[in-house]
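What the coordinates show
If you want the building blocks of each chain, they are given just below.
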Amino acid sequence: MKCSSDEKFSPGKLNRYGNIELSPSSGVLNYGQGLFEGLKAYRKEDGRLLLFRPEENARRMQMGAERMCMPSPSTYQFLHAVKQTVLANRRWVPPPGKGSLYVRPLLIGTGPVLGLAPAPDYTFLIYASPVGNYFKERLPLNLFVDDDYHRAFPGGTGGVKTISNYAPVLKAQTQAKKKGFSDVIFLDSVNKRFLEEASSCNIFIIKDNVISTPSTQGTILAGITRKSIIEIALKYDYQVEERPVPVEELLNADEVFCTGTAVVVAPVGSVTYHGKRVEYRSGVQTVSHRLYSALTSIQMGLVEDAMGWTVEI
Ligand code: PMP
């Protein structure tokens, strides 16, 4: 789907996966004007396909577009395009329990800009790929707290899903992986003390059955999995706190876990901070595993969706 900066998106069409043409002076290539989303389609036992809270992805893209001076597809257009993409690729949706079809909507500034300004034209496109577990055979995660690098700062774009948020992460993540860690935990850039998130997922800690997660104050992504886990935990009568979480709380937490569309709910086995390695409970007896089971059984259509979160296509 394409549109100019002062227009609405017109209906798009399905194309075979392939390269797209882009002006060398396009807004996305020169000034990072790009946003993306990620959601999954699961196949139920009866063959029907399920999306998980796709309207939340549409809304998040619209909020991000506002921050990035871009037009955005309406919620209807977003949902319609996602459903068409999944239906066209339905044979690629893995069988129940074997993974999911990952759907990647992209909104990019395609029009030419030489001087710094929003691009004159935009393209909204979606591609999809079957996926298994994100951190294959590497659970529980071993995370490294990195206070040398930051991915976001107050007033910046850390709270929206722009492509340019991922560039500052690459070096920290690559270095951590070389040292054998699964991923990095970033701290806030002002105090260098409060937990923000990992490279592509939100973080939770559990101490004495109280579940805490950093509040979203513009520098971390408001994850849809994060929001869903908070709602499930409250339904199960856990105490949930969204607040600034000092890094020292990692040192005596009982459990730590990460959430995201790709990682779902991933237990953290250890965190290393300033050379000190702390280990946590993981396995089927943990609170995080209970939350994981509750979430995935809704996503995969194994239980009745009392929350009204899934959309059948
Ligand atoms: N933080 C970042 C930086 C991410 O890229 C993601 C993945 N979208 C998340 C958190 C988790 O968000 P969600 O649960 O909506 O996938």
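Residues numbered from 1 in each chain as written. Predicted model: local features only at pLDDT ≥ 70, side-chain atom pairs only at ≥ 80, totals over all residues.

Turning next to the overall build of the protein. Looking only at helices and strands, the protein has six helices and 16 strands in total. For 313 residues, the compact-globule formula gives about 20 Å, and the C-alpha radius of gyration of the protein, at 20 Å, lands near that figure. Counting only C-alpha atoms, the protein reaches 50 × 50 × 35 Å along its principal axes. Residue burial in the protein is summarised as follows: out of 313 residues, 42% are buried. Excluding contacts between residues fewer than 6 apart, the proportion of contacts in the protein whose partners are at least 24 apart in sequence is 69%. (Helix = DSSP H or I, 4+ residues; strand = E, 2+ residues; numbered from the N terminus. Rg over C-alpha atoms; globule rule 2.2 N^0.38 Å. Buried ≥ 20, exposed ≤ 12 C-beta atoms within 10 Å, placed from the backbone. Contact = placed C-beta atoms within 7 Å.)

The ligand sits among 13 residues. The nearest are Gly 223, Ile 224, Thr 225, Gly 260 and Thr 261. Those elements that place two or more of their residues in the shell around the ligand are helix 5 (224-235) and strand 13 (255-260). Of the residues in the shell around the ligand, the class split is three nonpolar, eight polar and two charged. (Near = placed C-beta within 6 Å. Nonpolar A, V, L, I, M, F, W, Y, C, P; charged D, E, K, R; others polar.)

So, on to unusual backbone geometry. Of note in this structure, Cys 69 is not a glycine but carries a positive phi near 55°. Position of Cys 69 among the secondary structure elements: in the loop between helix 2 (54-67) and helix 3 (75-88). Even without a glycine there, the phi angle at Asp 208 is positive, about 50°. On the secondary structure map, Asp 208 appears in the loop between strand 10 (202-207) and strand 11 (210-213).

The periodicity of an α-helix, 3.6 residues per turn, causes residues three or four places apart in sequence to face the same way. Over its 14 residues, helix 3 runs 20 Å from end to end, which matches the ideal 20 Å to within 8%, given 1.5 Å per residue. If you check which residues of helix 3 are buried, you get Phe 78, Ala 81, Val 82, Thr 85 and Val 86. In an axial view of helix 3, the angular spread of the buried residues amounts to 130°, which keeps them on one side of the axis. Buried-residue contacts for helix 3 involve strand 3 (39-43), strand 4 (49-52), helix 2, strand 5 (100-109) and strand 6 (121-131). (Expected span 1.5 Å × (residues − 1). Arc of directions from axis to C-beta.)

Let us now look at the packing of helix 5 against helix 6 (residues 287-299). To characterise two packed helices, one gives the angle between the axes of the helices and the distance between these axes. Their axes nearest at 10 Å, the elements helix 5 and helix 6 cross at an angle of 110°. In terms of orientation, helix 5 lies roughly perpendicular with respect to helix 6. Every residue of helix 6 that contacts helix 5 at Ser 228, Ile 229, Ile 232 and Ala 233 is listed here: Leu 291, Ala 294 and Leu 295. Tallied by class, residues from the contact of helix 5 with helix 6 come to six nonpolar, one polar and no charged. (Axes fitted to C-alpha atoms, helices over the stretch in contact; angles between N-to-C directions. Parallel < 35°, antiparallel > 145°, perpendicular 65-115°, else oblique.)

Looking now at the pairing of strand 15 (residues 276-279). Pairing geometry for strand 14 (residues 264-273) and strand 15, over four bridges, is antiparallel. Bridge pairing in strand 15 places Thr 272 opposite Arg 277. As consecutive antiparallel partners, strand 14 and strand 15 are separated by two residues, and within that stretch His 274 has a phi angle of approximately 50°, a positive value. (Pairing = 2+ DSSP bridges.)

The next subject is the nonpolar core. Membership of the largest hydrophobic core comes to 72 residues, with the highest contact counts inside it found for Ala 41, Leu 143, Val 256 and Cys 258. Here the element with the most residues in this core is strand 14; it accounts for five residues. Beyond its immediate chain neighbours, meaning those up to four positions away, Leu 143 contacts Phe 181, Ser 182, Asp 183, Val 184, Ile 185, Ala 198, Val 268 and Val 271. (Core = buried A, V, L, I, M, F, W, Y, C linked by C-beta atoms within 7 Å.)

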